[in-house]
Amino acid sequence: YREFAPTGEKVSLLGFGTMRLPVLEKDETHIDEAEAIRMIRYAVDMGVNYVDTAFMYHEGKSEGVLGKALKDGYREKVLLADKMPLWMAKRAGGIEALFLEQFRRLDVDYIDFYLVHNLTRSFWKKAKDDNLMPFLERMKAEGRIGKIGFSFHDDFEVFKDIVDDYPWEFCQIQLNYMDTEFQAGVAGLKYAGEKGIPVIIMEPLKGGKLTKFLPESVAAVWERAEVKRTPAEWALRWAADFPEVLTILSGMSEMEEVEENIRILSDAVPLSLTEKEKSLIEEASK
C-alpha cells in the first residue's frame, strides 16, 4: 500500500483496471460477467482496494459489470475511479447527463477518484470552454465525487502546462520501461511528484506487449539476472520502484494474471531495484 498523502488513505499498489475484462466469443461488448465479477472480488478479498473504469470501456459495458461486482458489501471496500470523456458528452445529452448515466450504470452514489479523461492540449481547452471544472467542483461540493484528477495522452510540455493550470489532486499517465520518454514519461512523473501530485500508472505492461511473445534476445537478458523474475514482474517492479507512484493499474483478463500481479506487487517497495537490475531493464528495452 502507498499513502495518498493529502488524506492519509492507504491505496493498494495494484489497481484493478476494467478495460480488458474477460469476454465471450472474442466480443469486446460481451463481457464474461460471472468470471469478471469473480476476478474483481477475488482481488478485493486479497487486498486490492483501487478499481478503475470508464464510460466507453468494453463499448460501454464495463461500468455496469463493475457495479455488479461491487454489490454485496464490496463497494465499501474499494476506492472507485471513473472518468469524464468530454468528447462523448454532446452525444450523451451533455456533461451532466453523461455524468448521471455513469452513476446509473455503476449503481453507486459516490465516486472516490474522478478523472477528466484523455487530456490533450485541445481537450483541456475544450474542458475549460465547456466549464467542466466548475461542474466537477459542484459535484464534489454536493458529495457526489471525491478527488478530481486527469488522465493524460499528449507530450511532456503539454503535461506541465495542464498540471500548472489547475489544482489537481492526482493524475494518471501511461508509463512502462519502454515508454520512458513517451507522452508525459518519467519526466512527467517526476514533475507531478515535485508538485505533490500523486501519480497513477496505466499501461505498465504496454497492453501485454512486455509479457507475451517476447523476442529470445529479451529472454536472454532476463536470464542473466541474479534474481529470476517473470517478464511481468520485471515490468511491474520497474514501475513500482518510483516513489512518486501511488498505484499501478493493470487491465487483467484472466484469474492467473490477477494472482501473479498480486504476488508481484505485494512486496514491491520504492527504490529497491539494484543498479545492475536497472541496467538489465534498460538493455531489455533497447
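The text that follows walks through the structure, step by step, so that each part is easy to find.

Rules used in this analysis
- Residues numbered from 1 in each chain as written.
- Predicted model: local features only at pLDDT ≥ 70, side-chain atom pairs only at ≥ 80, totals over all residues.
- Heavy atoms only, no water.
- Helix = DSSP H or I, 4+ residues; strand = E, 2+ residues; numbered from the N terminus.
- Rg over C-alpha atoms; globule rule 2.2 N^0.38 Å.
- Buried < 20%, exposed > 50% of the residue type's maximum accessible area, 1.4 Å probe, protein only.
- Contact = heavy atoms within 4.5 Å.
- Lys, Arg positive; Asp, Glu negative; His and termini not counted.
- Charge placed at Lys NZ, Arg CZ, Asp CG, Glu CD.
- Core = buried A, V, L, I, M, F, W, Y, C linked by side-chain atoms within 4.5 Å.
- Phe/Tyr/Trp six-rings, centres within 6.5 Å; stacked < 30°, edge-to-face > 60°.
- Lys NZ or Arg CZ within 6 Å of the ring centre and 35° of its normal.
- Salt bridge = Lys/Arg side-chain N within 4 Å of Asp/Glu carboxyl O.
- Polar contact = N/O pair within 3.5 Å; in protein donor to acceptor, adjacent residues only side chain to side chain.

Quick word on the overall build of the chain
Move 1: When its secondary structure is counted, the chain shows 11 helices and 10 strands.
Move 2: Computed over its C-alpha atoms, the radius of gyration of the chain comes to 19 Å, within 12% of the 19 Å expected for a compact globule of 286 residues.
Move 3: With the principal axes as the frame, the chain shows a C-alpha extent of 55 × 45 × 35 Å.
Move 4: Counting the 286 residues in the chain, one finds 54% classified as buried.
Move 5: Sequence-distant contacts, at least 24 apart, represent 77% of the contacts inside the chain between residues at least 6 apart.
Move 6: If the 38 positive side-chain charges of the chain are averaged to one point and the 51 negative ones to another, these points end up 1 Å apart.

Considerations on the nonpolar core
Move 1: By size, the foremost hydrophobic cluster in this structure holds 91 residues, and its most contacted members are F16, L132, F150 and W168.
Move 2: A per-element tally of this core places helix α9 (residues 231–240) first, with 7 residues.
Move 3: With residues up to four places along the chain from it excluded, the contact list for F150 reads L115, V116, L119, F159, I162, V163, W168, F170, C171 and Q172.
Move 4: Membership of the second largest hydrophobic core comes to 11 residues, among which are V11, L79, A81 and F170.

So, the packing of aromatic side chains
Move 1: The tally for this structure, following the rule as stated, stands at 18 aromatic pairs.
Move 2: Taking the centre distance of 5.3 Å and the plane angle of 90° together, the rings of F99 and F135 count as edge-to-face. Here the residue F99 occupies a position in helix α3 (residues 95–106), and F135 occupies one in helix α5 (residues 132–141), the gap between them amounting to 36 residues. Grouping residues by exposure puts F99 and F135 together as buried.
Move 3: For the pair W124 and Y166, a centre-to-centre distance of 6.4 Å together with 75° between the ring planes defines the contact as edge-to-face. Linking W124 in helix α4 (residues 121–129) with Y166 in the loop between α6 (156–164) and β8 (170–174), this pair joins segments that are 42 residues apart in sequence.
Move 4: Given the relative accessible area of 14%, Y166 is considered buried.
Move 5: Three or more aromatic residues link up through ring pairs in this structure, and these residues are W124, F150, F152, F159, Y166 and W168.
Move 6: R144 extends its terminal NZ or CZ atom over the ring of F103, reaching a point 4.3 Å from the ring centre.
Move 7: Taking the ring centre of Y191 as reference, the NZ or CZ of K160 above it sits at 5.9 Å.

Looking at unusual backbone geometry
Move 1: Look at D72: it is not a glycine, yet its phi comes out positive at around 60°.
Move 2: Relative to the elements of secondary structure, D72 occurs in the loop between α2 (62–69) and β5 (79–84).
Move 3: Assessed through its relative accessible area of 64%, D72 is described here as exposed.
Move 4: Here the phi dihedral of N118 falls at roughly 60°; this positive angle occurs in a residue that is not glycine.
Move 5: By the secondary structure assignment, N118 is in strand β6 (residues 111–119).
Move 6: Judged by its relative accessible area of 19%, N118 falls in the buried class.

Describing the pattern of salt bridges
Move 1: One pass over the full model with this rule turns up 32 salt bridges.
Move 2: Across the salt bridge formed by E277 and R229, the nearest N and O atoms sit 2.9 Å from each other. Of this pair, E277 sits in helix α11 (residues 275–285) while R229 sits in the loop between α8 (216–223) and α9; the two residues are 48 residues apart in sequence, bridging distant segments of the chain. Across the pair, R229 and E277 agree in class, each one buried.
Move 3: Linked by salt bridges that have partners in common, E233, R237, E260, R263 and D267 make up one network.

Things to note about the environment of D154
Move 1: Within the secondary structure, D154 is located in the loop between β7 (145–152) and α6.
Move 2: We classify D154 as partly exposed; its relative accessible area is 23%.
Move 3: Residues D154 and F182, 28 residues apart in the sequence, show an inter-C-alpha distance of 8.6 Å.
Move 4: Once you skip the residues sitting within four places of it in the chain, D154 turns out to touch L119, T120, R121, Q183 and A184.
Move 5: Reaching out from D154, the side chain makes a polar contact with the backbone nitrogen of R121 at a distance of 3.0 Å.

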